[in-house]
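Descriptive structure summary
Here is what each chain is made of, one letter per residue.
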Amino acid sequence: MSRDELPIGVFDSGIGGLTVLRQLHRQLPAEGTIYLGDTARVPYGTKSAQVVTRYALNNARLLVQRGVKLLVVACNTASAVALEALEDALDVPVVGVIEPGARRAAAVSGSGVVGVIGTEGTITSGSYQQALARVRPDLVVQARACPLFVPLAEEGWQGHPLAEQVAREYLQGWLRPDADTLILGCTHYPVLADAIARVLGTGIRLVDSASAVAAEVEKMLDNRQLRASSGATATREYWVTDVPERFRRVGRIFLDEEIAGVRLVDVAEQPH
Ligand code: DGL
């Protein structure tokens, strides 16, 4: 098989990365994908950078061994703490979610006051703050961890009154009045966008990195002449590290389509 015919590998701690996969499928329909949800070890957001880096390397190596032409780290926490380690360890191009999301937010903010929410790991790493400062040093950035959003999303409770109540606790009155943009800095959060928007009102634009990531992937594939030919059949594979049934049931909300054929895999710790 030639390199351009290989699928794109995508991984997340669980189902959140399916919001990125959905956008990849929409923007690059000819590309095959393998999605790995590390459902046995979710959440990553409360774990140390060392542990998340180890998990990220395990996941990435499994996908690379299977054969992928590019790797998407569809998890903000892993992108925040492990991107460099992944780039150093792998011989395929790696795309994280933080830079593309930061660039998009910096481009759309008129007032220059931007909020970012994510897991504890992502927010305390300072990765968004640094990425935003690199693209637009004049930005004022407010950052906050919202840890309860992940279990709410994993539970499929995006329409539950509790989702809005939790959003209210975290976000009401938090953003400066002149803020106009909020980065959803966790791939689980886009499914809670309605509840978040109801709390923040219409003056705040919500930015998630999915479409910016898909555009970045497209550019990288083009630059390296790795685009699948348009006539190719795009395979879709789903791998999980625990309980396929739950992934299938809740994952369809994130992916916005049925998920067929979920395979249980073992990401046994490989030496590195
Ligand atoms: N989806 C992960 C992210 O984007 C967070 C979920 C977790 O804590 O594992 O950061």
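Summary of the structure given here. (Residues numbered from 1 in each chain as written. Predicted model: local features only at pLDDT ≥ 70, side-chain atom pairs only at ≥ 80, totals over all residues. Heavy atoms only, no water.)

Observations concerning the pattern of salt bridges
- Tallying each qualifying case throughout the model produces 17 salt bridges.
- The partner of R136 in a salt bridge is D138, with the nearest N and O atoms 3.3 Å apart.
- R136 sits in the buried class, given a relative accessible area of 19%.
- In this structure, E164 engages R168 in a salt bridge whose closest nitrogen and oxygen atoms are separated by 2.7 Å. Here the residue E164 and the residue R168 both occupy positions in helix α8 (residues 161-171), the gap between them amounting to four residues, near one helical turn.
- Linked through salt bridges whose partners overlap, the residues forming this network are E31, K69, E218, D222 and R227. (Salt bridge = Lys/Arg side-chain N within 4 Å of Asp/Glu carboxyl O. Buried < 20%, exposed > 50% of the residue type's maximum accessible area, 1.4 Å probe, protein only. Helix = DSSP H or I, 4+ residues; strand = E, 2+ residues; numbered from the N terminus.)

Details of the layout of surface pockets
- Taken as a whole, the largest pocket encloses approximately 380 Å³ of empty space.
- Together, 21 residues line the largest pocket, and S79, L83, I98, E99 and R134 are the ones closest to its centre.
- Elements represented by at least two residues in the lining of the largest pocket include exactly α3 (76-89), β4 (94-95), α4 (98-108), α6 (127-135) and α10 (210-223).
- It is α3 that contributes the most residues to the lining of the largest pocket, seven residues altogether.
- Broken down by class, the residue content of the lining of the largest pocket amounts to 11 nonpolar, four polar and six charged. (1 Å grid on protein atoms, 1.4 Å probe; cavity = no way out; pocket = protein on both sides within 12 Å on 5 of 7 lines; lining within 4 Å. Points joined across faces, edges and corners; volume = space filled by probe spheres on them. Nonpolar A, V, L, I, M, F, W, Y, C, P; charged D, E, K, R; others polar.)

With respect to the pairing of strand β5 (residues 113-118)
- For β5, the tally of buried residues reaches six of six residues, placing the bulk of the element in the interior.
- Where β5 meets strand β6 (residues 140-145), six bridges bridge the pair, whose relative direction is parallel. Note that in β6 the partner of V114 across the bridge is V141.
- Relative to strand β7 (residues 181-184), β5 runs parallel, the two sharing four bridges. Bridge pairing links V116 to I183 in β7. (Pairing = 2+ DSSP bridges.)

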